[in-house]
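Examining the three-dimensional arrangement
As a plain string of letters, each chain reads:
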Amino acid sequence: AQKITQTQPGMFVQEKEAVTLDCTYDTSDPSYGLFWYKQPSSGEMIFLIYQGSYDQQNATEGRYSLNFQKARKSANLVISASQLGDSAMYFCAMREGRGTASKLTFGTGTRLQVTL
Amino acid sequence: NAGVMQNPRHLVRRRGQEARLRCSPMKGHSHVYWYRQLPEEGLKFMVYLQKENIIDESGMPKERFSAEFPKEGPSILRIQQVVRGDSAAYFCASSPASRGETQYFGPGTRLLVL
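Residues numbered from 1 in each chain as written. Chains lettered and ligands numbered in written order. Predicted model: local features only at pLDDT ≥ 70, side-chain atom pairs only at ≥ 80, totals over all residues. Heavy atoms only, no water.

**Comments concerning unusual backbone geometry**
Under the convention used in this document: In this text, helices come from DSSP runs of H or I with a minimum length of four residues, and strands from runs of E with a minimum of two, each type numbered from the N-terminal end.
With an omega of 0 degrees, the peptide bond running from B:Asn7 to B:Pro8 counts as cis. In this structure, B:Pro8 sits in the loop between β1 (5-7) and β2 (10-13). You will see that A:Ala81, though not glycine, has its phi angle at about 50 degrees, which is positive. With respect to the element layout, A:Ala81 can be found in the loop between β9 (74-79) and β10 (88-96). Even without a glycine there, the phi angle at B:Glu52 is positive, about 65 degrees.

And the structure:
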């Protein structure tokens, strides 16, 4: 089974609108962390937001928020007030194991296109 | 505070040559990870190193690939006798020793094997 599933290969959103990028995960470890990264056309990987499995509140970072539904094993990224510069690939990733430095498992990504 | 640095940014090799990719982690970070991204795919974990130690190499191909993170200097990912299938973007990430929560990525090295 896929550990991280991103079911939306591509998404379009109009400028200034909000958009939700889906991510579901699969783990039996009670301690894990979920991450979202942005990869613009220039190719670098930019860290956006992190959610720990024991965090009580949904993570927020500026226009990014993470809709964490633990029972459903989903960690959707919400981008509010989309901007043209948000056009990029977005990857969801998971780290299993609390407080230990360990590998990230990535999804296949969602390509977001922001239109005028 | 400089971010994760990788060089070269682009590397072209002919089949059978060696490729050496370098990664300098962020200041204060002692954990280094290498990932590979094939065209139109997500990143796949290759190897995790701390200074002078390989902690997890479960994602490394058994042959031709090796990695090191010496006491002094950058981490090196070495690919011997490259083949066309090695063409990919190779990303290095680093995280601090005290909190392994977030990995910060370098800009990547794009390897093209002719």
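**A word on the side chain of B:Thr109**
Put simply, the test is: Residues adjacent in sequence count toward polar contacts only when both atoms are side-chain atoms; beyond that, a polar contact is any pair of N or O atoms within 3.5 Å, and within protein one must be able to donate a hydrogen and the other to accept it.
Inspection of the secondary structure assignment puts B:Thr109 in strand β11 (residues 109-113). Polar side-chain contacts of B:Thr109 include one of 2.5 Å to the backbone oxygen of B:Pro8.

**What to know about the pattern of salt bridges**
Rules: In the sections that follow, a salt bridge refers to a side-chain nitrogen of Lys or Arg positioned within 4 Å of a carboxyl oxygen of Asp or Glu. Working definition: with a 1.4 Å probe on protein chains only, accessible area under 20% of the residue-type maximum means buried, over 50% means exposed, and in between means partly exposed.
Summed over the entire model, instances satisfying the criterion amount to seven salt bridges over all chains. A salt bridge links A:Lys3 to A:Glu96, with the shortest nitrogen-to-oxygen separation between them at 3.1 Å. A residue pair is termed long-range when its members are at least 10 positions apart, and A:Lys3 in the segment before β1 (4-5) and A:Glu96 in strand β10 qualify at 93 residues. The class for A:Lys3 is partly exposed, based on a relative accessible area of 33%. Taking the shortest distance from any N to any O, the salt bridge between B:Glu18 and B:Arg20 comes out at 2.9 Å. Several salt bridges share partner residues, and in doing so they unite B:Glu18, B:Arg20 and B:Arg78 into one network.

**A short note on the layout of surface pockets**
The condition that has to hold: As defined here, a cavity is a set of points on a 1 Å grid over the protein atoms alone where a 1.4 Å probe fits but cannot get out. A pocket is an open set with protein on both sides within 12 Å along at least five of seven lines, and residues line them when an atom is within 4 Å of a point. Grid points are joined across faces, edges and corners, and a volume is the space filled by probe spheres set on the points. When residue character is reported, Ala, Val, Leu, Ile, Met, Phe, Trp, Tyr, Cys and Pro are called nonpolar, Asp, Glu, Lys and Arg charged, and the others, Gly included, polar.
When its volume is computed, the largest pocket comes out at roughly 460 Å³. Around the largest pocket, the lining comprises 26 residues; the ones closest to its centre are A:Gln39, A:Ser41, A:Arg111, B:Gln37 and B:Glu40. Sorting the residues of the lining of the largest pocket by element identifies β10 and β12 (110-115) of chain A together with β2, β9 (88-96) and β11 of chain B as the ones contributing at least two each. Class assignment for the residues of the lining of the largest pocket results in 13 nonpolar, nine polar and four charged.

**Notes on the sheet that holds strand β7 (residues 65-68) of chain B**
Within a sheet, neighbouring strands are paired by backbone hydrogen bonds and run either parallel or antiparallel to one another. Residues and elements named next belong to chain B. Test applied: Each pair of strands is called paired provided DSSP finds at least two bridges between the two strands. Here, axes are lines fitted to C-alpha atoms. For helices the fit covers the stretch in contact, and angles between N-to-C directions go from 0 to 180 degrees.
In spatial order, the strands read β1-β3-β8-β7; together these four strands make up an open sheet with antiparallel pairing. Both edges of this open sheet fall to β1 and β7, since each of them pairs with a single strand only. This sheet shows a mean twist of 15 degrees between the axes of neighbouring strands, independent of strand direction. Two elements, strand β3 (residues 19-24) and strand β8 (residues 75-79), share five bridges in a ladder whose sense is antiparallel. Each residue of the ladder has a partner; that of Arg22, found in β8, is Ile76.

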